[in-house]
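# A look at the structure
This is what each chain is made of:
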Amino acid sequence: MEKIIVHATFHTGHRQVGYPGVCRFVHGHTWRGTVTITTEAFPRDALDMSIDFGRIKQVMRDLDHKMLVVESDATFTDPALFEPEGVVVMPGKGPSVENVAHYVFDRVVALIARQYPDRGISYRIEVTIHETENNCFVVDKSATV
Ligand SMILES: [Zn+2]
């Protein structure tokens, strides 16, 4: 087996609209993410390099200094109020650590598909996102690309 492990740190704002505690207020986190991709043998390019580590890192860095929201957040998705380039719309009903991990997972699958399309290779992709020092969520799924 071969394994790629990439770490990144990113700073964001978010709020959990409808949450009964203080998380409903706008606040920030320094998130730490780790993407681990495992497969039998990675495809390689002309330089014998596999999946671009920098691009995997960039998936997480693209969230840096952004406000993470969901589509239903009419305030932060209003371009008259907030610059769209400073806002990232997460899937689901809230910009939770769970949805951030799934967002990163989906983009990692997409970047593998762009670099090595239609190879029929099965990858195990684990995305670990630490919202705080003590709270973390892991998505660990397989994807065939
Ligand atoms: Zn939070």
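Everything below is about the structure shown above.
All right, on to the sheet that holds strand β3 (residues 66-70) then. Within the open sheet, the 6 strands sit side by side as β4-β3-β1-β2-β5-β6. Their pairing is mixed. Two strands bound the open sheet, and with one partner strand each, they are β4 (87-90) and β6 (136-144). With direction set aside, neighbouring strand axes in the sheet form an average angle of 35°. Across 4 bridges, the pairing between β3 and β4 is parallel. Counterpart to Val-69 in the pairing with β4 is Val-89. Those strands touched by helix α1 (residues 53-61) are β1 (2-14) and β2 (27-39), and its axis lies near 25° from that of β1.

Taken together, His-14 (NE2), His-27 (NE2) and His-29 (NE2) make up the protein donors of the zinc ion, found 2.0 Å from the metal. Along the chain, the residues donating to the zinc ion fall in the pattern H-x12-H-x1-H. Pair noted here: His-14 is in strand β1 and His-27 is in strand β2, with a separation of 13 residues, a long-range link. Taking the relative accessible area as the measure of exposure, His-14 reaches 1% and is therefore buried.

Thresholds, definitions, all that
Residues numbered from 1 in each chain as written. Predicted model: local features only at pLDDT ≥ 70, side-chain atom pairs only at ≥ 80, totals over all residues. Heavy atoms only, no water. Pairing = 2+ DSSP bridges. Helix = DSSP H or I, 4+ residues; strand = E, 2+ residues; numbered from the N terminus. Axes fitted to C-alpha atoms, helices over the stretch in contact; angles between N-to-C directions. Contact = heavy atoms within 4.5 Å. Donors = N, O, S within 2.8 Å, 3.2 Å for Na, K, Ca; no water. Buried < 20%, exposed > 50% of the residue type's maximum accessible area, 1.4 Å probe, protein only.

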